[in-house]
Structures are given as C-alpha cells and as structure tokens.
Amino acid sequence: MDLFKIISDIEKVDPEIYERLDSRRRVFKHFGLAGKAVTGAMLPGLVSGLFQRAYGQTSALSPDIVAVLNLALSLEYLEFYFYDSGLNATGLIPNADRPAFEKIRNDESGHIKVLRGALGNAAIPDPTRAAFDYSGGRGRTVGPFAPALVNDYALFLGSSQAFVDTGVRAYKGGAPTLMPNKDLLQAALDIHSVEARHSSHVRTVRRGLAASQSGQAATTVAGDLNNLSGKTGRPKSWISGTDNGGPSPSTTPSTTPVYGPGNPATGAPTAIFFPAESNTMQAGIEISTLAGLNATAASEAFDEPLDPTTVKSIARNFVNELVAPTLFA
Amino acid sequence: MSKLHDSGATDQVPSALVQPIQRRSFLRYTGAGMALSGLFLAGCDDDDESNSNNLLDVGSSDNGVLNYAYALEQLEAAFYAQVKTGQYYSTANAAEKQVFDDLALHEKAHTDFLKAVLSTNAIKALEPDFSSINFNDRSSVLNAAKTFEDLGVAAYNGAGRYIQTAAYLVIAGKIVSVEARHAALIRDMIGYNTFVDSDVVDLFTPTGSVSTPGVGNGTGRERSMTPSDVLTKANAFLKEGSRLSANSLR
C-alpha cells in the first residue's frame, strides 16, 4: 500500500484533501499513535480511520440534519444554475454587473462544495441545469419568468432577488436543526450571511436599473416605500414589511409567498414559528412601539425564517417536473 | 515525498514513516509543555489581569451571547446616532440619508430589543469612544460603518454555536442577515461590487469549468470571528470601563 501515492492521487480530484485530513502534519496525530511503533499489521485500520475522518462524517448525521442540508444544497443548485444561465445568455447582464453575478455564481458553487462535503454520500446528486424551468412553468408550459433568461434584465434581477431571499429564509429556518452539530451549524451560518449580502446587492442593482443608473451610481438611488414591488420597483436593500409581494406579485407563480408567512405562522415567544417578513414582534416584545421606532423599521430590522415545506413549495415552481419529479417534492 | 511500500507484507514499517512521527511527536510534546507552562503562568495572574484591565465580562450561556450582541448593538446604535448629528449626514444625498436613517433605526431596534429580552441580566450602558472617526467626513463615516457592520456579521455568526435555546438562535439569525444586508450596501457605497470580497468571505474560485458547480478552491463562506477576536476590535471603540471580555464564550 502506498499511502502517500493514494493521497497524492486524491489531491488531483480533491485539492483540499489535506484540509480534510487536518493538514499533513496532523495526520499522524489523528492516528493517536505518537510515540508508538507503527507496525504493518496496524496500517489497514489506520488508513481506513484516516479517510473515515476526512470523508466519512455522514454516518453520524441524523436524518433531519441530512434533510436540512439537502434542502439547502437543492436551493444552491437552483441558484447556481440560474446565475450561470444568466451569465451565459448573450447580452442579458450589462458589463458593469457581470463581475457581481460572477461572484454570486461562484459563491453558490462554493456553498455547493461545502454542503456536498458535509453530506458526503448522503448528498443528493447534482440535478443539473435540465432539472430547472426558470420560466416558472414547471416544464409543462412556458411560465411568466421566461424572459428573465433571455433579454429582460429587470426580470432577471427580480428572479434573483426572489431566489436569494428564499435562500436566506430557508437557512434561518434550518439553523435550529443543526444545533447538535456545531461545525455544520457554523457552516450554515457562514453561508446564510453571504446569501443576505447577495440579496442586498441585487436590490441595490434593481433600484439603480429602475432609475436608469448602473454601476456605482446605483447606490445613489433611494428605496421607495411607495414603489417596493413589481419588476421596476425600488426596494431597499433590506425587506420592508412584505415588500408588497416582491418583484412579481401578480404573476402565477407569484413572488408573494417569498415574503409571506410560513407554517406555523404564530407561536409562543420561545417557540419556533415562521411569520411573514412584516412581523414586528420578537420574542414576545413588540418592536414597533418601542420609543422612537415604527412598524416599518421594526419589520426591516429583523428578517424572518421560513419552514422547509413552504420553501419547497416556492422552489418547486422552478423545477422541470418532467425531468426532476422528486426535487423539492 | 516519503513512500510506504508493501506494508501488508511486513511487520516492520519502513523508517521513513516512523521517523516523521517521532520528530513530530517530539515537537508536539514540546509545544504542549510550553503551552502548559503558559497556562500555568496565565493562571497565576488571571484575576489581577482582568481587574487591572477593568474588562466587563458579558457572562456565560444564552445571557452571555445576548449580552455580547447587546454590547455590539449598543456600539452600532451609538455610532449611527452620532452620524446623524454630523456634517457628513447633513450634506448627504437623499439615498445616503435614507441609508443612515434606516441603519440608525435598525440598530436602535436591535439594542432596545436585546435590552428588553435581557431585562435585569443586561450589562450596563456602554460608553463609546469614537475619537478615531471624523463624523464630518463621508469616507471616514462609511469606513467606520463598514467596520461595524462586517464585525457584527462575523460576531453573530461566530457566536451562534454558543446559543443553547433554539428560539434565540433564530433571533440571532433574524438580526445577522439584516446586518449582512447593511454591510453589503455600505461596502457597495464605498466600492461597487465589493458586497462580498476576500476580506469578509472566503471567495470561491472555480478550478474547472465555471459552469460545473462545486469544483474549485475556497468555500463562499463568511469569515466568522470568535468572540475574543471580535472584542479585541470592538474594544478599540469603547472607553476605559466599558471594554469587554467574553471569557465563557470559547
């Protein structure tokens, strides 16, 4: 057995093998063998233990943790292939905005890598681009969002915002399930805030576009509380109330559920529940009536989580059911 | 690179493998001995040190995390309240005024909420030290806002693991994504398209086709920070007597 040759070969397909192994110098520490003579008879067990530590964490994951991580992974694929398709649609994304969407696409790709690593062999297979129907027609008809990946940049931004805000709410809703595993919780939290950064930027670009401003000038356009929703709305970089249903409230499918309540929508102060984004009560404390505050600020200051069933019902609208009947099912 | 041949055929492992273990274990034990000495010495003056530095500890368990958050939110709320009295704000355009109006309200909401949740367990009102910030200068204000917002995101993310009650974890999640929205916009105001960048996010670089997901270097994860690293930065904006430690959040 040529251990280092094996590791070296793995490195060719997984450049981070050494990180998984906890870096080369600590490989031997992991064996728990310091100061002991290593005999040939011990080696098969040692090598197996080494790779078990590096790749085999899945055996310890509970079914509900696997479910949360696979839902997150499915959402990351939904986002990744959407942004990648947008970047591949000639003339859709203006040059000033391509670097941002390349960053966002690549972040999602990184998240996919992280989640695959966490799930190991419990990860769902890559559904591929063919699994998604970003028109919102579920593979059965041409839905109202079809121009988003052809020539309607405002609609592309609207779809982006809806996907990323769904993702932010989904990670928030999944976090309690991950509490028993601090490393996985950390990974999910680290992804969650990056998704929120994406949403903020997409919203900034949307305000700019609505005022015919792009690049740095987009940041000079204020949000408009009287014009938050619709394809040419000017949302703030945070969610005000329910954003009046978001970028496409009156289509079928609609973006309204992205900002609406989940299930259960109400609960005791210390319970986990999923109110609409317009919620102003936190842990039993009404924020809007605190001195100097109001309902708009109270809703904006706190994002709200969403339960897995509601998340799936939103995401399912963008799956080609003929190709991927079980995705978000 | 050392190689290990035909291990199954012999009981004796070639010295190439054994020697690195011995060398590394020696270093490791030496390191451990030094670390233990360090702990022993630290233990001797631990009480004196915390008294002489006059650090206010945020406490342990959920109240510790909530007080940690309350402290950082106090700092942010005080900062934005002062921004609104400065010359930069008074001459800012409508979009930037709206941003700072909103941020002041959001951070006030977070602060007053956490104070109410903590009730009698809340730490005292902290005295900020913003002497390094020029509130008349746009660049100084934006860069300070960026520091506070990025720090807040890294802090909430890094403290999630210490929360024991699921409902509080969700509350922290509700706040941190709003902080991330703030951070991204402030960063875009300073330099467009820096809403994520390598100082705050472990950016992912594809090594194969960009259209093949999950293959590349990096993770796309926020660079979260431990409470102790966060407080080292936050204490630079707090007056003597208001500076903090989080000795139980580790």
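Residues numbered from 1 in each chain as written. Chains lettered and ligands numbered in written order. Predicted model: local features only at pLDDT ≥ 70, side-chain atom pairs only at ≥ 80, totals over all residues. Heavy atoms only, no water.

In the nomenclature of an unreviewed UniProt entry, chain B is known as Ferritin-like domain-containing protein of Hymenobacter wooponensis.

Naming follows an unreviewed UniProt entry, where chain A appears as Ferritin-like domain-containing protein of Hymenobacter wooponensis.

A. How the structure looks around the overall build of chain A. Assigned secondary structure in chain A consists of 11 helices and two strands. Starting at the N terminus, the α and β elements of chain A follow one another as α-α-α-α-α-α-α-α-α-β-β-α-α. Every one of the 329 residues in chain A was classed for burial, and the buried ones make up 59%. Of the roughly 12100 Å² that chain A leaves accessible, carbon and sulfur atoms contribute 56%. (Helix = DSSP H or I, 4+ residues; strand = E, 2+ residues; numbered from the N terminus. Buried < 20%, exposed > 50% of the residue type's maximum accessible area, 1.4 Å probe, protein only. Areas by Shrake-Rupley, 256 points an atom, 1.4 Å probe, with all protein chains shown as cover.)

B. A look at the interface of chain A and chain B. Each side of the interface is counted separately: chain A has 100 residues, and chain B has 88 residues. Buried surface at the junction of chain A and chain B, summed over both partners, amounts to about 7700 Å²; 61% is from carbon and sulfur atoms. Viewed at the interface, chain B and chain A are joined by nine salt bridges. Across the pair A:Glu304 and B:Lys174 runs a salt bridge, and its minimum N-O distance is 2.6 Å. Inspection of the chain A/chain B interface yields 44 residue pairs in polar contact (both at pLDDT 80 or more). At the level of elements, helix H1 (3-13), helix H3 (24-30), helix H5 (63-88), helix H6 (98-119), helix H7 (153-178), helix H8 (182-210) and helix H10 (295-300) of chain A are the ones that each hand at least two residues to the side of chain A that touches chain B. At 21 residues, the largest contribution of residues to the side of chain A that touches chain B is made by H8(A). Of the residues belonging to the side of chain A that touches chain B, the class tally is 48 nonpolar, 27 polar and 25 charged. (Contact = heavy atoms within 4.5 Å. Buried area = accessible area lost by both parts, 1.4 Å probe. Salt bridge = Lys/Arg side-chain N within 4 Å of Asp/Glu carboxyl O. Polar contact = N/O pair within 3.5 Å; in protein donor to acceptor, adjacent residues only side chain to side chain. Nonpolar A, V, L, I, M, F, W, Y, C, P; charged D, E, K, R; others polar.)

C. How the structure looks around the packing of H5(A) against H7(A). Residues and elements named next belong to chain A. For the pair H5 and H7, interaxial distance at closest approach is 10 Å and the crossing angle is 165°. In this view, H5 runs roughly antiparallel relative to H7, as classed from their interaxial angle. Relative to H7, H5 is oriented so that their crossing is left-handed. Only Phe 156, Ser 159, Ser 160, Phe 163, Val 164, Gly 167, Ala 170, Tyr 171, Gly 174, Thr 177 and Leu 178 of H7 make contact with H5, whose side of the interface consists of Asp 64, Ile 65, Val 68, Leu 69, Ala 72, Leu 75, Glu 76, Leu 78, Glu 79, Phe 82, Tyr 83 and Gly 86. Each residue belonging to the contact of H5 with H7 can be placed in one class, and the counts come to 14 nonpolar, six polar and three charged. (Axes fitted to C-alpha atoms, helices over the stretch in contact; angles between N-to-C directions. Parallel < 35°, antiparallel > 145°, perpendicular 65-115°, else oblique. Left-handed = near helix turned anticlockwise from the far one by under 90°.)

D. Quick look at the nonpolar core. The biggest cluster of nonpolar side chains holds 141 residues, and the ones touching the most others in it are A:Phe101, A:Phe156, B:Phe79 and B:Phe100. Considering each element in turn, this core owes the most residues, 15 residues, to H5(A). For B:Phe79, the residues in contact, after removing those within four places along its chain, are B:Phe130, B:Ile133, B:Phe135, B:Val141, B:Ala144, B:Ala145 and B:Phe148. (Core = buried A, V, L, I, M, F, W, Y, C linked by side-chain atoms within 4.5 Å.)

E. How the structure looks around the side chain of B:Asp62. Along the polypeptide, B:Asp62 turns up in helix H3 (residues 61-83). Salt bridges are absent for the buried B:Asp62, whose nearest opposite-charge side chain, A:Lys182, sits at 8.8 Å. Sequence-distant contacts of B:Asp62, that is, excluding residues within four places in its chain, are made with B:Tyr162, B:Ile163, B:Gln164, B:Thr165 and B:Tyr168. (Lys, Arg positive; Asp, Glu negative; His and termini not counted.)

F. Spatial organisation of the packing of H7(A) against helix H7 (residues 166-190) of chain B. As a packed pair, H7(A) and H7(B) sit with axes 8 Å apart at the nearest point and diverge in direction by 155°. Regarding the angle of H7(A) to H7(B), the classification is roughly antiparallel. Considering only the axes of H7(A) and H7(B), their crossing is right-handed. Facing A:Asp165, A:Val168, A:Lys172, A:Ala175 and A:Pro176 of H7(A), the residues of H7(B) in contact are B:Ala166, B:Leu169, B:Val170, B:Gly173, B:Lys174, B:Ser177 and B:Arg181. Residues belonging to the contact of H7(A) with H7(B) are distributed by class as follows: six nonpolar, two polar and four charged.

G. Seen up close, H7(B). Under the 1.5 Å per step criterion, the end-to-end length of H7(B) is 36 Å for 25 residues, consistent within 8% with the ideal 36 Å. Of all 25 residues in H7(B), 22 are buried; the element is thus mostly enclosed. (Expected span 1.5 Å × (residues − 1).)

H. Quick look at H7(A). End to end, H7(A) covers 37 Å across 26 residues, agreeing with the expected 38 Å (1.5 Å per residue, within 8%). Judged by how many residues are buried, H7(A) sits mostly within the fold: 25 of 26 residues are covered.

I. Region of the structure containing the packing of aromatic side chains. Residue and element names in this part refer to chain A. Inspection of every chain in the model, using the stated rule, returns 24 aromatic pairs over all chains. Ring centres of Tyr 134 and Phe 163 lie 6.0 Å apart, and the angle between their planes is 65°; on these two criteria the pair is classed as edge-to-face. One end of the pair, Tyr 134, is in the loop between H6 and H7; the other, Phe 163, is in helix H7, and 29 residues separate them in sequence. Here Phe 163 falls in the buried class, since its relative accessible area comes to 6%. (Phe/Tyr/Trp six-rings, centres within 6.5 Å; stacked < 30°, edge-to-face > 60°.)

J. Highlighting the confidence of the model for chain B. Residue and element names in this part refer to chain B. Looking at chain B as a whole, the pLDDT averages 86, with 79% of positions reaching at least 70. Here residues 1-52 is modelled with pLDDT under 50, and outside its nearest four sequence neighbours on either side it reaches 45 contacts, counting other chains as well. Interface predicted TM-score (ipTM) for the complex: 0.84; the corresponding pTM is 0.83. (pLDDT = per-residue confidence, 0-100.)

K. Looking closely at the side chain of A:Asp303. Within the secondary structure, A:Asp303 is located in the loop between H10 and helix H11 (308-315). In this view, A:Asp303 contacts A:Val168, A:Lys172, A:Ile239, A:Glu277, B:Lys174, B:Ser177, B:Val178 and B:Arg181; residues no more than four positions away in its chain are not counted.

L. How the structure looks around the environment of A:Gly158. Residue and element names in this part refer to chain A. Along the chain, the position of Gly 158 falls in helix H7. On the basis of relative accessibility, which here comes to 5%, the residue Gly 158 falls in the buried class. Taking the C-alpha atoms as reference points, Gly 158 and Gly 233, separated by 75 residues in sequence, lie 9.3 Å from one another.

M. Quick peek at the pattern of salt bridges. In total, this model carries 27 salt bridges over all chains according to the counting rule given. One salt bridge in this structure joins A:Arg197 and B:Glu222, with 2.8 Å as the shortest N-O distance. Of the two residues, A:Arg197 sits in helix H8 while B:Glu222 sits in strand E5 (residues 221-222), which places them in two different chains. Neither A:Arg197 nor B:Glu222 differs from the other in exposure class; each is buried.

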